[in-house]
Amino acid sequence: MLEICAIASGSNGNCYYIGNEKDAVLIDAGISKRQILVRMNEKKLDQAKIKAIFISHEHSDHMTGARVMGKHLNIPIYVTAKTYYGAYKNMRPDYPKFFVPGDKITVGEFQIHSFLKNHDASEPCSFRVEYGNKNIGVFTDIGEPCENVKSHLRACDGLFLETNYDEKMLQEGKYPWYLKQRIASTNGHLSNKQAFELLANHAGENLQLVFLSHLSKENNTPEIAYNEIKPLESKFKIILTSRYSAGEIYQL
Ligand SMILES: [Zn+2]
Ligand SMILES: [Zn+2]
């Protein structure tokens with residue numbers, strides 16, 4: 001049995017839990033150790049199960065708690081060398097385990113597939129976690145879906161997918177021009193519309209759960225993101241995530 005939960009999701013911090021009866025991994029640790037543990041306790045998720053943390057890229061909303069969490073639990077933090085050296089020193093884990101994008105890493109009975117994606121970081125990666133015949137993707141911070149994203153998506157039963165911004169809200173919003181350009185660029189973030197098109201054209205037959213993830217506070221609302229993806233709800237369940245608290249635990 002697989003349990004999955006968004007501990008934190010939003011442009012201010014990301015942390016995703018994927019576990020079974022014995023072991024668990026976290027994808028990203030972009031909020032403080034304290035907050036991760038408080039939120040896990042609230043959901044009765046056992047911190048002792050966490051055997052590794054995988055870091056997607058060095059932006060603080062993915063890495064802020066990594067060093068302290070690794071030290072606290074005495075577990076490896078998987079990170080690419082470029083991501084490690086691209087990060088602020090105070091976020092760099094004491095004992096990093098370096099991987100190369102494309103590597104498949106075994107943790108307990110989980111296989112974690114890593115792959116490169118388009119985003120404005122040193123070496124941005126996403127992950128697909130395989131357990132038995134189930135696959136969970138964590139695909140956030142994607143300027144434009146590349147072939148890697150599309151092919152790993154086809155294997156997913158569950159998916160944390162970025163729906164970062166509503167295109168109209170971004171264009172009409174108060175962000176400065178350069179920042180709007182950055183977010184909308186092919187190395188920025190995935191809009192609600194891009195997420196819809198990706199799912200409509202490339203989701204596999206097995207996809208059951210889609211968590212709308214990494215929403216911008218300024219340029220999106222949960223309702224707008226949900227309504228954009230809603231035409232696909234006969235194919236899979238659409239679940240909202242929160243920046244303020246851990247979401248419900250789903251089993252697959
Ligand atoms: Zn980022
Ligand atoms: Zn991010």
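The structure contained in this document is the topic of the report that follows.

**A look at the pattern of salt bridges**
One pass over the full model with this rule turns up seven salt bridges. Residue aspartate 120 is joined to arginine 182 by a salt bridge in which the shortest nitrogen-to-oxygen separation is 2.5 Å. Here the residue aspartate 120 occupies a position in the loop between β8 (110-116) and β9 (125-131), and arginine 182 occupies one in helix α7 (residues 177-184), the gap between them amounting to 62 residues. Given a relative accessible area of 30%, aspartate 120 falls into the partly exposed group. By relative accessible area, arginine 182 is classed as partly exposed at 30%. Linking glutamate 172 and lysine 168 is a salt bridge whose minimum nitrogen-to-oxygen distance equals 3.8 Å. Of this pair, glutamate 172 and lysine 168 are both found in helix α6 (residues 167-172), four residues apart, which corresponds to roughly one turn of the helix. Assigned by exposure class, glutamate 172 and lysine 168 land together as exposed.

**Here's the deal with the coordination of the zinc ion (ligand 2)**
Ligation of the zinc ion (ligand 2) by protein atoms is provided by Asp61 (OD), His62 (NE2), Asp141 (OD) and His214 (NE2), these donors lying 2.1 to 2.2 Å from the ion. Each donor residue of the zinc ion (ligand 2) belongs to the same chain, with the gaps between them written as D-H-x78-D-x72-H. Metal-to-metal, the separation of the zinc ion (ligand 2) and the zinc ion (ligand 1) is 3.5 Å; aspartate 141 coordinates the two. With histidine 62 in helix α2 (residues 60-63) and aspartate 141 in the loop between β10 (134-139) and α5 (147-154), this residue pair connects regions lying 79 residues apart in the sequence. Across the pair, exposure class does not vary: histidine 62 and aspartate 141 are buried alike.

**Overview of the sheet that holds strand β4 (residues 50-54)**
Taken together, the seven strands give an open sheet; going across it, the order is β6-β5-β4-β3-β2-β1-β14, and neighbouring strands pair in mixed fashion. Only two strands of the sheet have a single neighbouring strand rather than two, namely β6 (96-98) and β14 (250-251). The pairing of strand β1 (residues 3-8) with β14 spans two bridges and is antiparallel. Pairing of isoleucine 4 across the sheet is with tyrosine 250, part of β14. The strands that helix α1 (residues 33-42) touches are β1, β2 (15-19), β3 (24-27) and β4; relative to β1, the one it contacts most, it runs at about 135°.

**A closer look at the packing of aromatic side chains**
A full pass over the atoms with the stated rule returns 11 aromatic pairs. When the ring of tyrosine 16 is compared with that of phenylalanine 160, the centres are 4.8 Å apart and the planes differ by 50°; the resulting orientation is tilted. Highlighted residues: tyrosine 16 in strand β2 and phenylalanine 160 in strand β11 (residues 158-162), separated in sequence by 144 residues. What links up through ring pairs into an aromatic cluster is the set Tyr16, Phe160, Phe211 and Tyr250. The positively charged end of arginine 92 is found above the aromatic ring belonging to tyrosine 84, 5.5 Å away from the centroid.

**Structural notes on α1**
Owing to its 3.6 residues per turn, the α-helix brings residues three or four apart onto one side. Residues of α1 that are buried include every one of Ile36, Leu37, Arg39 and Met40, and no others. Looking straight down α1, one finds that the buried residues subtend no more than 165° of arc, so they occupy a single side. The exposed set on the far side of α1, more than 90 degrees from its buried face, consists of Arg34, Asn41 and Glu42. On its buried face, α1 sits against β1, β2, β3, β4 and α3 (66-73). Phi turns positive one or two residues past the end of α1, at lysine 44, with a value near 60°.

**A short note on the sheet that holds β11**
Spatially, the seven strands line up as an open sheet ordered β7-β8-β9-β10-β11-β12-β13, and their pairing is mixed. At either margin of the open sheet sits one strand with a lone partner, and together these are β7 (104-107) and β13 (237-240). Here the average twist between neighbouring strands, direction ignored, is 20°. Pairing analysis gives five bridges linking β11 to strand β12 (residues 209-213), with the strands arranged parallel. Residue pairing for β12: glycine 158 is matched across the bridge by leucine 209. Packed onto the sheet, α5 meets β8, β9, β10 and β11 and runs at close to 155° relative to β8. Sheet contacts for helix α9 (residues 222-229): β12 and β13; angle to β13, the most-contacted strand, approximately 165°.

Calculation notes
Residues numbered from 1 in each chain as written. Chains lettered and ligands numbered in written order. Predicted model: local features only at pLDDT ≥ 70, side-chain atom pairs only at ≥ 80, totals over all residues. Heavy atoms only, no water. Salt bridge = Lys/Arg side-chain N within 4 Å of Asp/Glu carboxyl O. Helix = DSSP H or I, 4+ residues; strand = E, 2+ residues; numbered from the N terminus. Buried < 20%, exposed > 50% of the residue type's maximum accessible area, 1.4 Å probe, protein only. Donors = N, O, S within 2.8 Å, 3.2 Å for Na, K, Ca; no water. Pairing = 2+ DSSP bridges. Contact = heavy atoms within 4.5 Å. Axes fitted to C-alpha atoms, helices over the stretch in contact; angles between N-to-C directions. Phe/Tyr/Trp six-rings, centres within 6.5 Å; stacked < 30°, edge-to-face > 60°. Lys NZ or Arg CZ within 6 Å of the ring centre and 35° of its normal. Arc of directions from axis to C-beta.

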